[in-house]
2 protein chains.
Amino acid sequence: MSTRKSRERQATLIDATIEVLVESGLTAATTRAVTQRAGVGTGLLNHYFRWPELRAAAWQALFEEVAKDQFEQEQTPQIVMERYFREAFVEAARPYWRLWIEATELAASDKPMRNALKSIQARMQDGLARVLSDGCESGSWRLPDPEASALRLGALYDGLAGLLISGISPVSPDSAEKHLRKAFALECGAEQ
Amino acid sequence: MSTRKSRERQATLIDATIEVLVESGLTAATTRAVTQRAGVGTGLLNHYFRWPELRAAAWQALFEEVAKDQFEQEQTPQIVMERYFREAFVEAARPYWRLWIEATELAASDKPMRNALKSIQARMQDGLARVLSDGCESGSWRLPDPEASALRLGALYDGLAGLLISGISPVSPDSAEKHLRKAFALECGAEQ
DNA sequence: CTCGATTTTGAGCGATTGTTCAATTAATAT
DNA sequence: ATATTAATTGAACAATCGCTCAAAATCGAG
């Protein structure tokens with residue numbers, strides 16, 4: 001067994017899967033689309049992966065990057081939160097809302113996706129909680145329970161993203177952002 | 001054309017579809033499961049409906065009942081909200097979270113479901129907004145903008161339900177309920 | 001160059017889906 | 001009772017899906 005080209009091939013397939021996921025979503029993505037995108041035969045995918053595993057692996061790799069960009073950077077809590085609010089619901093982030101919501105649903109029946117979602121969900125929530133906590137220590141805001149606030153803000157984010165991807169009117173990306181900011185303000189004690 | 005048994009048959013099929021949706025979810029439900037449940041041949045379903053239309057019609061009928069039970073009853077705002085909080089995340093409501101989240105995702109690609117979701121979403125949000133508004137007028141609580149609060153509470157509900165159906169740990173039904181109550185308290189100005 | 005091992009291919013399998021339509025059954029009118 | 005119309009059936013169809021596997025291509029050691 002093993003590694004002349006195999007590692008390289010696996011990486012190629014994961015990258016191709018990420019691309020397909022971003023433009024087709026978790027449910028519409030197929031193995032054939034992935035192999036075609038990667039420029040390999042259909043059999044090669046099954047030689048290295050099973051579809052549920054590959055799909056979950058690609059999803060997780062994608063969102064590890066997102067989590068890193070969003071929370072794990074060396075900047076002041078204010079700046080991180082400001083970026084979080086400003087970039088939360090911009091049109092460019094739409095594929096990610098969709099993949100997140102789809103993961104939420106798939107996780108109920110797909111074990112690899114459940115593990116991936118559990119890992120990323122924890123990472124996202126911890127990242128947000130840490131930023132919120134750092135902001136408390138640096139005096140940028142006051143929060144009685146940063147972890148609880150992180151959970152509520154994260155859940156509100158999910159709910160707003162759900163409203164947006166469903167193509168239903170009453171919320172626009174702009175108003176969604178304002179609601180997220182407002183919720184944060186309420187968590188902080190309605191000051192400002 | 002028309003109506004010796006046809007209306008009756010359509011109602012039978014819709015009822016059977018509701019049952020299948022509740023126990024299998026929107027995505028796993030199939031036409032064969034519905035016809036089998038209704039005790040009719042596979043061809044009959046297609047004589048009266050197309051699957052996307054039937055599925056959306058059954059979903060809408062189901063959630064019109066839910067909306068009625070939840071918000072459109074003659075009781076004091078406090079009692080309505082208390083029931084809302086208490087019954088939001090009990091285990092018995094789980095099929096409804098699931099169907100709601102699945103609808104959110106399906107609506108992106110399924111026009112009938114999008115229309116059904118739009119209708120029900122508006123009804124739910126209006127119902128909650130009205131209860132919140134009534135509570136302001138009766139002096140039960142104070143809210144600067146009941147409609148905005150209804151939107152945020154509804155979105156938070158969706159997000160918490162998403163966390164619950166994904167089978168991921170950090171939130172239990174009990175703690176989800178507490179977070180929803182807490183968010184309401186914050187909307188009201190953190191009193192109590 | 002040769003031979004064995006590894007990598008890669010893609011036609012085809014089996015399962016599942018919503019849907020069709022000629023045939024059959026049931027109901028109504030004359 | 002008979003004929004006409006409506007209601008109902010279910011085997012078969014076409015489209016997808018993930019996946020298999022014998023065959024072909026490619027690579028590396030001797």
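Please read these numbers as outputs of a predicted model, since none were measured by experiment.

Colleague: Now, about the overall build of chain A: what can you tell me, with residues and values included?
Modeller: Within chain A, the secondary structure is distributed over 9 helices and 0 strands. Start at the N end of chain A and walk to the C end: the helices and strands fall as α-α-α-α-α-α-α-α-α. Its C-alpha atoms put chain A at 60 × 40 × 25 Å along the principal axes. Across the 192 residues that make up chain A, the buried fraction comes to 39%. A separation threshold of at least 6 residues defines the contact pool for chain A, and within that pool the share at least 24 residues apart is 66%.

Colleague: Got a sec to walk through the relation of the copies chain B and chain A? Specific residues and values, please.
Modeller: With an RMSD of 0.0 Å, the operation that places chain B on chain A is a rotation of 180 degrees combined with a shift of 0.0 Å along the axis. Between the two chains, the operation in question is that of a two-fold axis. The residues that chain B uses at the interface reappear at the interface of chain A in 97% of cases, marking a shared surface.

Colleague: Can you tell me about the nonpolar core, naming the residues and giving the values?
Modeller: In terms of nonpolar packing, the biggest core is built from 109 residues, with W59 and L160 of chain A together with W59 and L160 of chain B touching the most fellow members. The residues touching L160 of chain A, leaving out its near neighbours within four places in the chain, are F89, V171, A176, H179 and L180 of chain A together with A155 of chain B.

Colleague: Before we move on, can you summarise the environment of I14 of chain A with the specific residues and values?
Modeller: All names here are of chain A. Residue position: I14 is located in helix 1 (residues 6–28). Along the sequence, I14 and W141 sit 127 residues apart, while their C-alpha atoms lie 41 Å from each other. In contact with I14, other than residues within four places in its own chain, are A57, A58 and A61.

Colleague: Give me the interface of chain B and chain A: which residues, what numbers.
Modeller: Taken together, the contact between chain B and chain A spans 34 residues of the former and 33 residues of the latter. Of all elements in the fold, only helix 6 (94–106), helix 7 (111–137), helix 8 (146–165) and helix 9 (173–187) of chain B reach the threshold of two or more residues within the side of chain B that touches chain A. Counting residues per element, the side of chain B that touches chain A draws most heavily on helix 8 of chain B, which supplies 12 residues. Looking at the side of chain B that touches chain A residue by residue, the class counts come to 18 nonpolar, 9 polar and 7 charged.

Colleague: Describe the packing of helix 8 (residues 146–165) of chain A against helix 9 (residues 173–187) of chain A, with residues and values.
Modeller: Residue and element names in this part refer to chain A. Between helix 8 and helix 9, the shortest axis-to-axis distance is 10 Å and the interhelical angle comes to 165 degrees. Compared by their axis directions, helix 8 and helix 9 come out roughly antiparallel. Taken as a pair, helix 8 and helix 9 cross one another with a handedness that is right-handed. The segment helix 8 lies against helix 9, with S149, L153, L156, Y157, L160 and L164 engaging P173, A176, H179, L180, A183, F184 and E187.

Colleague: Explain the domain arrangement of chain A to me, using residue names and the numbers behind them.
Modeller: Residues and elements named next belong to chain A. When its domains are assigned, chain A resolves into domain 1 (1–49) and domain 2 (51–187). Domain 1 and domain 2 are separated by 27 Å when their C-alpha centres are compared. Each partner contributes to the interface: domain 1 provides 13 residues, whereas domain 2 provides 15 residues. It is helix 1 that provides the largest number of residues to the side of domain 1 that touches domain 2, a total of 9 residues.

Colleague: Quick one: what's the story with helix 8 of chain B, residue by residue and with numbers?
Modeller: For helix 8 of chain B, which comprises 20 residues, the first-to-last C-alpha distance of 28 Å matches the rise-based estimate of 28 Å (1.5 Å per residue) to within 8%. Along helix 8 of chain B, 18 of the 20 residues are buried, which leaves the element largely enclosed by surrounding structure.

Colleague: Describe helix 1 (residues 6–28) of chain B, listing the residues and the values that go with them.
Modeller: Turn by turn, an α-helix covers 3.6 residues, leaving residues three or four places apart pointing in a common direction. All names here are of chain B. Between the first and last C-alpha of helix 1 there are merely 27 Å, a value that for 23 residues lags more than 12% behind the 33 Å anticipated at 1.5 Å per step. Among all positions of helix 1, only L13, I14, A16, T17, V20, L21 and L26 are buried. Those residues of helix 1 that are buried lie in contact with helix 2 (31–38), helix 3 (42–48), helix 4 (51–71) and helix 6.

Rules used in this analysis
Residues numbered from 1 in each chain as written. Chains lettered and ligands numbered in written order. Predicted model: local features only at pLDDT ≥ 70, side-chain atom pairs only at ≥ 80, totals over all residues. Helix = DSSP H or I, 4+ residues; strand = E, 2+ residues; numbered from the N terminus. Buried ≥ 20, exposed ≤ 12 C-beta atoms within 10 Å, placed from the backbone. Contact = placed C-beta atoms within 7 Å. Least-squares fit on C-alpha atoms with pLDDT ≥ 70 in both. Core = buried A, V, L, I, M, F, W, Y, C linked by C-beta atoms within 7 Å. Nonpolar A, V, L, I, M, F, W, Y, C, P; charged D, E, K, R; others polar. Axes fitted to C-alpha atoms, helices over the stretch in contact; angles between N-to-C directions. Parallel < 35°, antiparallel > 145°, perpendicular 65-115°, else oblique. Left-handed = near helix turned anticlockwise from the far one by under 90°. Domains from an automatic or database assignment. Expected span 1.5 Å × (residues − 1).

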